[in-house]
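Given next are the chains, with one letter for each unit.
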Amino acid sequence: MDYNHRKIESRWQQYWKDNKVYHTEIDHGKPKFYVLDMFPYPSGAGLHVGHPLGYIASDIYARYKRLKGFNVLHPMGYDAYGLPAEQYAIQTGQHPEKTTTENIARYRGQLDRIGFCYDWDREIRTCDPEYYHWTQWAFIEMFNHYFDVKQQKAMPVADLEAYFAANGSEGHTAAESKPLKFTAGEWKAMDDKQRSDTLMNYRIAYLGNTMVNWCPQLGTVLANDEVSEGVSIRGGYPVEQKLMYQWCLRVSAYAPRLLDSLESLEWSDSIKETQRNWIGRSEGAEMQFKVADSDVEMTIFTTRADTVFGVTFMVLAPESKYVDMVTTPGQRQAVEDYRNEIKHKTERERIADKKVSGVFTGAYAVNPLTGKRIPIWVSDYVLAGYGTGAIMAVPAHDSRDYAFARKFDLPVIPLIEGADVSEGSFDAKEGKMINSASDKLDLNGLEVKEAIARTKEFIEKEGLGRVKVNYRLRDAIFSRQRYWGEPFPVYYKDGVPMMLPLDKLPLQLPEIDKYLPTESGEPPLGRAAGWQTEEGYPLELNTMPGFAGSSAYYLRYMDPRNHDELVSKEANDYWQQVDLYVGGTEHATGHLIYSRFWNKFLYDLGKVCKDEPYRKLVNQGMIQGRSNFVYRIKDTNTFVSAGLRGGYDTTSIHVDVNIVSNDRLDTEAFRRWRPEYADAEFVLENGEYVCGWAVEKMSKSMFNVVNPDDIVERYGADTLRLYEMFLGPVEQSKPWDTNGIDGVNRFIKKLWNLFYKGEKWLVDDSKPSREALKSVHTLIKKVTADIEAFSYNTSVAAFMICVNEISKLDCHSREVLTPLVVLLAPFAPHVAEELWHALAADGKEDAADAASTVCDAQWPEWNEEYLKADAINLPVSFNGKTRFMLSVAPETSKEEIEKLALESPDAAKWIEGKTIRKIIVVPNKIINIVVG
RNA sequence: GGCCGAAUGGUGGAAUGGUAGACACGAAGGACUUAAAAUCCUUUGGCCAUUGAGGCUGUGUGGGUUCGAGUCCCACUUCGGCUACCA
């Protein structure tokens with residue numbers, strides 16, 4: 001029997017399915033382990049060879065944990081709502097559900113062929129009403145809660161209403177969009193609409209008038225993490241700022257907790273750092289600046305309170321509320337013109353346009369420490385959304401302020417000794433202060449850090465401001481003007497937003513005729529006939545964004561068919577949280593923040609038992625494409641091999657990597673590839689056409705997409721799995737290079753040949769040699785350590801070494817081969833399963849019924865006794881240079897080693913005629929003898 | 001501009017501060033074969049030497065710590081990734 005991957009793999013995939021081998025239930029007799037992949041968006045293009053990398057890595061871990069005796073939860077599902085299906089629907093009129101269902105079927109087929117151990121009985125889809133029921137439920141809970149800053153947790157809005165009725169707004173501790181002041185009497189006098197509007201200022205899910213990223217081409221708003229460099233991540237369309245009334249989530253209230261509990265997570269430092277930056281905590285001070293000849297006081301935020309003596313002007317964001325309050329009549333027109341100009345520029349244009357621009361308001365502020373009058377300007381380099389939208393400008397020590405001062409010829413006062421500000425600002429927070437003294441505060445001579453502390457102390461004491469911690473993290477905009485998303489469980493009663501009663505959930509997405517906005521500019525749901533409650537109140541027309549469905553999906557896998565709750569207490573208590581989460585780094589500032597927020601909210605409600613959803617996170621690298629090129633001689637249909645193109649004037653052309661093998665072009669396949677190459681001629685080197693190559697993104701247009709199905713068909717899923725792991729560390733990005741896959745395939749065949757020679761079954765019950773035992777026990781130790789450390793590439797190498805050694809020893813002992821098969825089961829489950837059954841049935845064909853599956857085997861333990869070497873070779877060095885090797889028994893003491901080294905004949909010639917100055921003996925490592 | 005990471009043969013990559021280059025690809029040579037494929041064996045960082053050995057050098061650059069540095073520290077160069085008028 002030769003190794004036949006097609007037969008083996010289809011046979012065991014069928015067996016696993018028929019026998020529900022990977023079905024998981026709660027089992028209190030076993031410790032649990034939850035391994036989760038970030039679920040995919042099923043795109044129309046299907047999986048390419050890069051997608052399964054993380055799935056294979058987590059699958060290996062899940063299978064390993066199972067063999068170690070854990071009850072492993074390893075589910076899979078689909079993030080099914082998304083823009084591509086909707087865009088496709090707009091173009092073709094095809095219902096996105098149909099496209100999505102087809103794509104899911106294709107994904108499932110591709111995944112199944114790779115042999116994953118998912119419990120498909122727990123599959124979820126975010127577009128399934130049974131699933132989004134709980135997305136809508138969570139939204140209602142967020143609407144019904146506010147965030148209490150003092151207790152740092154979510155509390156019922158009803159409590160807040162009671163507080164307002166008793167005390168008014170005075171002294172409340174709710175996180176708010178903006179400060180509001182009202183008395184208990186005023187609260188009681190409010191009508192429903194006014195109360196609703198007021199409470200929106202505090203709810204965790206609230207309707208707010210906020211600056212949003214509006215993308216005209218997509219016809220929808222986008223969250224900050226869906227925009228990069230002023231264009232949408234999906235599609236790359238320009239994005240502009242627009243004030244809109246939208247549903248938002250008060251994520252910013254959770255910023256301190258999101259930041260603090262990062263410490264407790266086993267995530268990579270780089271992704272934690274990315275989240276820290278995104279949350280953007282900065283310690284500084286808020287200070288009040290009085291406006292001259294006016295009652296207005298402006299509040300600014302600064303991290304450099306120490307530089308207050310160098311403030312020579314103030315700058316307001318164009319959208320700042322202060323602009324209208326301070327602008328003088330004479331400057332009103334100029335300011336209005338400037339604001340209009342800014343408004344019509346997109347974010348992208350504002351960034352691209354590095355020119356400094358701004359306009360004087362005509363007003364002056366008073367520096368609270370020096371009493372000097374300083375002009376107030378408006379400029380778009382100050383952002384309305386951060387801090388208070390107003391800054392004190394210190395041109396000597398901030399490069400942006402410096403550029404502005406130079407452009408508009410404003411004074412620059414250096415505050416740090418030795419800082420040369422004739423060419424640029426001095427931004428570093430170091431040095432001794434100068435020019436910083438008044439009759440109340442003297443900072444001269446202090447280090448910057450001391451000066452910051454001293455100033456903060458001073459302004460708090462004098463009532464000029466207060467110490468303040470600012471966060472960059474913004475509330476999440478939760479409305480999308482699209483069809484293919486979760487409908488909001490919201491209706492409007494006389495203009496007041498109301499939540500549907502819980503027993504009306506799920507509110508199902510209605511059918512519509514076209515997937516475009518209505519003529520009046522309303523979102524697509526505006527086309528749905530009868531989109532209203534039974535009482536006739538209109539339902540919300542927006543839908544939820546992509547991250548809504550992915551924020552709590554890990555909980556649903558614990559209890560996917562529960563009709564009464566998101567997850568039962570029993571299931572949540574058992575499975576707790578994800579122990580290992582595998583996915584790409586691109587979700588660092590989106591999904592991984594929202595999901596943590598969502599989970600913390602549910603935790604506050606007592607619905608989940610863990611504060612954090614994902615205990616350990618591993619980020620797999622991206623698989624890039626490796627493109628191949630052919631070189632056409634200009635104006636001909638002749639192609640020259642890469643090594644010979646020096647003498648010709650050529651153009652390089654991408655060629656389909658699937659007709660190239662080891663960078664050698666299949667010239668016949670090339671002629672068939674496209675009609676224009678049918679009569680192509682070739683200039684060969686050594687009878688072959690050698691292609692050039694480059695690493696690029698994997699994409700259709702580069703002809704470098706490799707489909708896993710093709711690899712599985714040709715080499716088998718086990719080879720694909722082993723090869724993807726062998727390519728390099730899981731965390732590292734690397735190009736897909738099919739060169740080299742033969743090596744892994746050869747390894748499987750070699751392994752096979754330990755069991756079968758033709759039809760003959762080779763395995764026997766003989767006592768294995770010490771070398772064979774040592775080889776396999778070394779492997780057990782190595783693979784166990786490697787899996788725990790996620791170092792799969794070195795594991796595969798270790799398998800190769802072991803199989804080579806055992807082949808050379810001609811060992812076919814069951815005692816050696818059985819653990820080898822179990823070790824291999826996580827990596828190459830099909831061939832391991834086949835051999836496991838063959839071992840049980842002594843190589844007979846009907847092996848399938850002969851034994852339990854390898855999935856129920858026990859992970860082997862290594863025996864240190866077999867690993868002990870007879871002798872250890874220690875390098876002996878003189879004056880740091882290795883001169884010879886000394887063999888000693890493993891348990892030799894330090895003193896004995898020293899004696900042996902000095903007495904060895906090799907040592908004599910290095911010691912001769914010299915004095916020994918120092919001897920260093922590190923047992924099992926080194927002997928170093930210093931002579932002179 | 002900020003933050004993070006990386007730099008080792010022709011290639012992908014190994015190496016708890018202790019014999020650098022595991023393992024694999026590719027390449028060269030050989031065995032088997034009518035031939036090819038498959039398989040197996042040998043060699044494979046560079047330089048010098050070779051009858052038998054052997055020797056020198058070598059992990060981006062320059063310093064440092066150490067008996068000993070690819071690994072730790074400082075500075076620099078280059079390349080990736082993320083992020084960005086965040087005051």
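Residues numbered from 1 in each chain as written. Chains lettered and ligands numbered in written order. Predicted model: local features only at pLDDT ≥ 70, side-chain atom pairs only at ≥ 80, totals over all residues. Heavy atoms only, no water.

Moving on: unusual backbone geometry. Residue Pro-506 follows Leu-505 across a cis peptide bond; omega there is -5°. Positioned with a positive phi, Asp-635 is a non-glycine residue whose angle comes to about 65°. Examined against the element boundaries, Asp-635 turns out to sit in the loop between strand E22 (623-633) and strand E23 (638-640). (Helix = DSSP H or I, 4+ residues; strand = E, 2+ residues; numbered from the N terminus.)

Another point: the sheet that holds strand E34 (residues 916-922). A sheet is described by the order of its strands in space; here four strands give the open sequence E33-E32-E35-E34, paired in mixed fashion. The strands lining the two open edges of the sheet, one partner per strand, are strand E33 (881-888) and E34. Each neighbouring strand pair of the sheet contributes to a mean axis angle of 20°, computed without reference to strand direction. Packed onto the sheet, helix H29 (residues 894-903) meets strand E32 (872-878), E33, E34 and strand E35 (926-931) and runs at close to 130° relative to E34. (Pairing = 2+ DSSP bridges. Axes fitted to C-alpha atoms, helices over the stretch in contact; angles between N-to-C directions. Contact = heavy atoms within 4.5 Å.)

Further remarks concern the pattern of salt bridges. Taken as a whole and assessed by the stated rule, the structure comprises 47 salt bridges. With a closest N to O distance of 3.3 Å, Asp-579 and Arg-615 form a salt bridge. Of this pair, Asp-579 sits in the loop between helix H18 (569-575) and strand E20 (580-583) while Arg-615 sits in the loop between helix H19 (591-604) and strand E21 (617-619); the two residues are 36 residues apart in sequence, bridging distant segments of the chain. What makes Asp-579 buried here is its relative accessible area of 7%. Close ionic contact of Lys-600 with Asp-611 constitutes a salt bridge, the shortest N to O distance being 3.1 Å. Taken together, the positions of Lys-600 in helix H19 and Asp-611 in the loop between H19 and E21 put the pair 11 residues apart, joining distant regions of the chain. Of the residues examined, Lys-600 reaches a relative accessible area of 0% and is grouped as buried. Given a relative accessible area of 25%, Asp-611 falls into the partly exposed group. (Salt bridge = Lys/Arg side-chain N within 4 Å of Asp/Glu carboxyl O. Buried < 20%, exposed > 50% of the residue type's maximum accessible area, 1.4 Å probe, protein only.)

A word on the packing of helix H21 (residues 708-715) against helix H22 (residues 717-726). In contact at an axis separation of 7 Å, H21 and H22 are set at 120° when each is read in the N-to-C sense. When the axes of H21 and H22 are compared, the pair comes out oblique. Of the residues in H22, those touching H21 at Pro-708, Ile-711, Val-712 and Tyr-715 are Ala-717, Thr-719 and Leu-720. Tallied by class, residues from the contact of H21 with H22 come to six nonpolar, one polar and no charged. (Parallel < 35°, antiparallel > 145°, perpendicular 65-115°, else oblique. Nonpolar A, V, L, I, M, F, W, Y, C, P; charged D, E, K, R; others polar.)

On the surface, Arg-746, Lys-749, Lys-750 and Lys-808 cluster together into a patch of positive charge. Residue classification places Lys-750 among the partly exposed residues on the basis of a relative accessible area of 38%. (Patch = residues over 30% accessible without salt bridge, like charges linked within 9 Å, V, L, I, M, F, W, Y side chains within 5 Å. Areas by Shrake-Rupley, 256 points an atom, 1.4 Å probe, with all protein chains shown as cover. Lys, Arg positive; Asp, Glu negative; His and termini not counted. Charge placed at Lys NZ, Arg CZ, Asp CG, Glu CD.)

Within the fold, His-95 resides in the loop between helix H3 (83-92) and helix H4 (96-114). Here the side chain of His-95 touches Glu-511 through a polar contact of 3.3 Å, side chain to side chain. For His-95, the residues in contact, after removing those within four places along its chain, are Tyr-483, Trp-484, Glu-511 and Tyr-515. (Polar contact = N/O pair within 3.5 Å; in protein donor to acceptor, adjacent residues only side chain to side chain.)

A separate point is the packing of helix H2 (residues 52-67) against H22. At a closest axis distance of 10 Å, the pairing of H2 and H22 adopts a crossing angle of 100°. Comparing their axes, H22 and H2 come out roughly perpendicular. Across the interface between the two elements, Pro-52, Leu-53, Ile-56, Ala-57, Asp-59, Ile-60 and Arg-63 of H2 pack against Arg-721, Glu-724 and Met-725 of H22. Taken together, the residues that form the contact of H2 with H22 break down as six nonpolar, no polar and four charged.

Glancing now at the side chain of Ser-196. Structurally, the position occupied by Ser-196 is in helix H8 (residues 192-199). The exposure class of Ser-196 is buried, given its relative accessible area of 9%.

Time to look at the packing of aromatic side chains. One pass over the full model with this rule turns up 64 aromatic pairs. The interplanar angle of 75° and the centroid separation of 5.8 Å between the aromatic rings of Phe-33 and Phe-70 together place this pair among those described as edge-to-face. A residue pair is termed long-range when its members are at least 10 positions apart, and Phe-33 in strand E1 (residues 32-37) and Phe-70 in the loop between H2 and strand E2 (71-73) qualify at 37 residues. Judged by its relative accessible area of 8%, Phe-33 falls in the buried class. Exposure remark for Phe-70: the relative accessible area of 22% places this residue in the partly exposed category. Members of the aromatic cluster, joined through ring pairs, are Phe-33, Tyr-61, Tyr-64, Phe-70, Phe-747, Phe-790, Tyr-792, Phe-799, Phe-827 and Trp-859. Cation over ring: Arg-250 sits above Tyr-206, and NZ or CZ is 4.1 Å from the ring centre. (Phe/Tyr/Trp six-rings, centres within 6.5 Å; stacked < 30°, edge-to-face > 60°. Lys NZ or Arg CZ within 6 Å of the ring centre and 35° of its normal.)

Turning next to helix H26 (residues 814-824). Summarising burial for H26: eight of the 11 residues are buried, a large majority. Turning to H26, its buried residues are Val-816, Leu-817, Pro-819, Leu-820, Val-821, Val-822, Leu-823 and Leu-824. Those residues of H26 that are buried lie in contact with H2, helix H23 (741-755), helix H24 (770-788), helix H25 (792-809) and helix H27 (829-840).

This part is about the environment of Tyr-537. Note that Tyr-537 resides in the loop between strand E19 (496-499) and helix H16 (546-550). The exposure class assigned to Tyr-537 is partly exposed, which follows from its relative accessible area of 25%. Tyr-537 sits 180 residues away from Ser-357 along the chain, and the two C-alpha atoms are 48 Å apart. With sequence-adjacent residues up to four places away left out, Tyr-537 is seen in contact with Tyr-491, Tyr-492, Lys-493 and Gln-532.

Bringing the protein's contact with RNA strand B into the picture now. Taken together, 47 residues lie near RNA strand B, and Thr-303, Arg-400, Arg-746, Lys-925 and Asn-928 sit nearest. Within 4 Å of the protein, the contacting atoms of RNA strand B are 57% sugar and phosphate, with bases supplying the remainder. Between RNA strand B and Thr-303, the relevant distance is 2.5 Å, taken from a sugar or linking oxygen to a main-chain nitrogen or oxygen of the residue. For the surface near RNA strand B, the element with the most residues is H25, which contributes seven residues. Split by residue class, the surface near RNA strand B holds 18 nonpolar, 16 polar and 13 charged. (Near = heavy atom within 4 Å.)

Across the sheet, which stays open at both edges, the four strands sit in the order E6-E5-E9-E17 with antiparallel pairing between neighbours. The open sheet has two free edges, formed respectively by strand E6 (220-222) and strand E17 (476-477), since each of these has just one partner strand. The pairing of strand E5 (residues 205-215) with strand E9 (residues 240-249) spans 10 bridges and is classified as antiparallel. Pairing of Met-211 across the sheet is with Leu-243, part of E9.

A few words now on a negative patch on the surface. A cluster of acidic residues, Glu-97, Asp-128, Glu-130 and Glu-511, forms a negative patch at the surface. You can see Glu-97 is positioned in helix H4. The partly exposed category is assigned to Glu-97, whose relative accessible area is 42%.

The pLDDT averaged across chain A works out to 89; a share of 98% of its residues lies at or above 70. Model confidence for the complex: the whole-complex pTM is 0.91, and ipTM, which rates the interface, is 0.94. (pLDDT = per-residue confidence, 0-100.)

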